[in-house]
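Residue-level structure breakdown
So you can see what is in the structure, the chains are spelled out below.
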Amino acid sequence: MNDDELPATRALGLPVPSGRFARLARLGSTGAGVAGRVAAGGLAELGRGRRPHLRDLVLTPGNVRRVTDQLAEMRGAAMKLGQLLSMDAGEVLPPELAAIMARLRAGAEAMPPAQLRRVLDREWPPGWLGAFARFDVHPIAAASIGQVHRAVLKGGPTLAIKVQYPGVADSIDSDVANVGALMRMSGLLPRGFDLAPYLAEACAQLHAETDYAAEGAHLARFGGLLEGDDRFAVPDFVGEWSTGSVLSMSFMPGDPVETVEHASQAIRDRVARNLIELTLRELFDFGWMQTDPNFANYRWDAEGGRIVLLDFGATRRITPEVADLHRRLLTAALDGDTGTLRALAAEVGVIGPDTSPAHADRLVAMAELACAELRRNEPLDIAALDLPRRMQAEALALAEDGLVPPPLPMDALHVQRKIAGMYLLAARLRARVPVRELVEAHFGRAGPN
């Protein structure tokens, strides 16, 4: 490919709206369109002699598709916030709203080659394309903040190059505020639910994730932490072709981690076990955790028998206090110490000063439900446990009974998100994992007789 070919490539994908006003207009038109459809639907119901219900009017298939598609087209904070809420607050959101947000985890539209060229011309020196023997304009992955391209340097290695969408970093605060307003307008949030802490945390995390220089440092850090561990592969950071908005790394072959579900039981068990053990090491040994458990961040190198770890933008420092809190939680869970679990629930904030005794009892019972599984001596058949469905059903029942969940400490929430993601992946793989054995071994405790 020569220097003139990239902009002349047939335009594919959807341009990312990069200006603040353009993005605000997109969200404004979405809100207006939904409101207009709600009004029209309400009039139609009244004309049929039926009293309209807001939830039924908002959650029409057309409105769900309109909101989801618009957030996916905008990418950036608009899409990422939906992804964060679908995991972090999914257990307290109504199923319909959680479903809208969960759809945003599937992926994003790619930006067209002409827009890609403009970004790279801004970030790299003039004539940069001459350094490459090949540069694929069709991305191998497109997500909420950027898209990844495969390229081969002349006489050099194959690279994976992550390019940030233009305008994403500058639009975070306004995007989050506007999406929050759209969610409140829907009328679907539980009464009294305080969305503000989640919006503030989304802003903070998104600002961190758009700093590709910081992500490059996290990539190099985890490469060092896992050096010599042949269970995992981490790409090499390529600083020469990296900037604050472009992250270059060595290309690592592999298939989506979900393909492991078609492998043997032994391989499925091994992959899930290794990822859960890695989570324990991140929490208690490394002091750093990659807190985004999106399945797309893991690949399976079947030839090398390794798990490829990708995307370290959501890496967070784990303080000794957070590690100690989770050590005490797991110890109480293994010992069946319900009294300590209740005290820790209050310390974390799951049980607040305004929580009624009846609701507190039910919250502790939910915690005990999960802990009882952890105490099993045999490997857990995670898919058969159906624990997420049972927990969500109880959480929704509590919300309908008037429980307003207090805001949780965000450090603990990110750890919970990672643990929940590993659980969901292990369930997807239909893996059997000796979770108690892993935890006992990590704490240096004697295993069960």
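Overview of the structure. All chains use their own residue numbering, which begins from 1 and follows the written sequence. Under the rules for a predicted model, residues below a pLDDT of 70 receive no local features and side-chain atom pairs below 80 are neither given nor counted, while totals for whole chains, interfaces and linings still include all residues. Values reported for side chains reflect all heavy atoms of the structure, with hydrogen atoms and water molecules removed beforehand.

**A word on the overall build of the chain**
Only DSSP runs of H or I reaching four residues or more are called helices, and only runs of E reaching two or more are called strands; each is numbered from the N terminus. The number of helices and strands found in the chain is 18 helices and 13 strands. Buried means the residue's accessible area, taken with a 1.4 Å probe over protein chains only, is under 20% of the maximum for its type, while exposed means over 50%, and partly exposed covers the values in between. By the burial criterion, 49% of the 449 residues in the chain qualify as buried. Accessible area of the chain: about 20000 Å², with a carbon and sulfur share of 55%. Each accessible area value is a Shrake-Rupley result obtained with a 1.4 Å probe; residue values ignore everything except the protein chains displayed when judging cover.

**Regarding the pairing of strand 10 (residues 306-309)**
Between any two strands, at least two bridges found by DSSP are needed for them to pair. Summarising the sheet, strand 5 (residues 232-233) and strand 10 pair through two bridges and their orientation is parallel. What sits directly across from phenylalanine 232, in strand 10, is isoleucine 307. Remark: four residues form the turn of the hairpin made by strand 9 (residues 298-301) and strand 10, two consecutive strands paired antiparallel; glycine 305 in that turn has positive phi of roughly 65°.

**Overview of the packing of helix 12 (residues 320-335) against helix 13 (residues 338-348)**
For helices, the axis comes from a line fit to the C-alpha atoms of the stretch in contact; other axes are also lines fit to C-alpha atoms, and the angle between any two N-to-C directions lies between 0 and 180 degrees. The N-to-C vectors of helix 12 and helix 13 enclose an angle of 155°; their axes lie 9 Å apart at closest approach. In this view, helix 12 runs roughly antiparallel relative to helix 13, as classed from their interaxial angle. Crossing angle aside, the handedness with which helix 12 passes helix 13 is left-handed. Contact residues: helix 12 offers Leu325, Arg328, Leu329, Ala332 and Ala333, while helix 13 offers Thr340, Leu341, Leu344, Glu347 and Val348. Under the scheme applied here, ten amino acids are nonpolar (Ala, Val, Leu, Ile, Met, Phe, Trp, Tyr, Cys and Pro), four are charged (Asp, Glu, Lys and Arg), and all others, including Gly, are polar. Its residues assigned to classes, the contact of helix 12 with helix 13 comprises seven nonpolar, one polar and two charged. Angles are sorted into four bins: roughly parallel if under 35 degrees, roughly antiparallel if over 145, roughly perpendicular if 65 to 115, and oblique for all others. Should the near helix be turned counterclockwise from the far one by less than a right angle, the crossing is left-handed, whereas a clockwise turn marks it as right-handed. Two residues qualify as a contact provided that any one of their heavy atoms is within 4.5 Å of a heavy atom in the partner residue.

**Describing helix 18 (residues 435-443)**
Looking at helix 18, one finds that the buried residues are Val435, Arg436, Leu438, Val439, Glu440 and Phe443. The elements touched by buried residues of helix 18 are helix 11 (265-286), helix 12, helix 14 (357-374), strand 12 (380-381) and strand 13 (432-433). Once helix 18 ends, the next one or two residues include glycine 444, with phi positive near 75°.

**With respect to unusual backbone geometry**
The backbone of aspartate 311 sits at a positive phi, close to 65°, despite the residue not being glycine. With phi around 55°, arginine 430 is a residue other than glycine that occupies positive phi space. In this fold, arginine 430 is placed in the loop between helix 17 (410-428) and strand 13. Taking the relative accessible area as the measure of exposure, arginine 430 reaches 38% and is therefore partly exposed.

**Let's talk about helix 13**
Buried within helix 13 we find Leu341, Leu344, Ala345 and Val348. Across the axial projection of helix 13, the buried residues extend over an arc of 105°, all falling on one side. Among the structural elements, helix 12 and helix 14 are those in contact with the buried residues of helix 13. Positive backbone phi, approximately 110°, marks glycine 349, located one or two places after helix 13. The directions from the helix axis to the C-beta atoms form the arc being described.

**Things to note about the sheet that holds strand 5**
Strand order in the open sheet made by the four strands is 5-10-9-7, with mixed pairing throughout. The sheet is open, and its two borders are formed by strand 5 and strand 7 (255-256), each paired with just one other strand. With four bridges joining them, strand 9 and strand 10 adopt antiparallel strand pairing. Directly across from aspartate 301, in strand 10, lies its bridge partner arginine 306. Lying on the sheet, helix 11 is in contact with strand 5, strand 9 and strand 10; it crosses strand 10 at an angle near 45°.

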